[in-house]
Amino acid sequence: MESDGLKRANAAERADDALSPEELRRERRNSWIGLLIGIPAFMGVIYLLYWLMKQFV
């Protein structure tokens, strides 16, 4: 029997196999762009909340 995590990993691997190399490259690039924008944006929101709490408390 396969564990749930292993089933998901196998499904993701099959999905990658179904993509052409160009589509896979584009998908990876979009993932990196999302990370490079999303992580600093998340940190900015946390800092903004900290700053707002400091101003009003």
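Our structure's up above, just so we're on the same page.
Before going into details, it helps to say that this report is about the structure given with it. (Residues numbered from 1 in each chain as written. Predicted model: local features only at pLDDT ≥ 70, side-chain atom pairs only at ≥ 80, totals over all residues. Heavy atoms only, no water.)

**What about the overall build of the protein?**
Helices and strands together make up the secondary structure of the protein, namely two helices and zero strands. With 57 residues in all, the protein has 2% of them scored as buried. (Helix = DSSP H or I, 4+ residues; strand = E, 2+ residues; numbered from the N terminus. Buried < 20%, exposed > 50% of the residue type's maximum accessible area, 1.4 Å probe, protein only.)

**Re the pattern of salt bridges**
Considering all chains together, one arrives at two salt bridges under this definition. Beyond isolated ion pairs, a larger network of salt bridges with shared partners links E22, R25 and R26. (Salt bridge = Lys/Arg side-chain N within 4 Å of Asp/Glu carboxyl O.)

**Notes on the packing of aromatic side chains**
For the structure shown, the criterion picks out one aromatic pair. With a centroid separation of 6.3 Å and an interplanar angle of 40°, the aromatic rings of Y47 and Y50 are classed as tilted. Taken together, the positions of Y47 and Y50, both in helix α2 (residues 21-56) and three residues apart, correspond to about one turn of that helix. (Phe/Tyr/Trp six-rings, centres within 6.5 Å; stacked < 30°, edge-to-face > 60°.)

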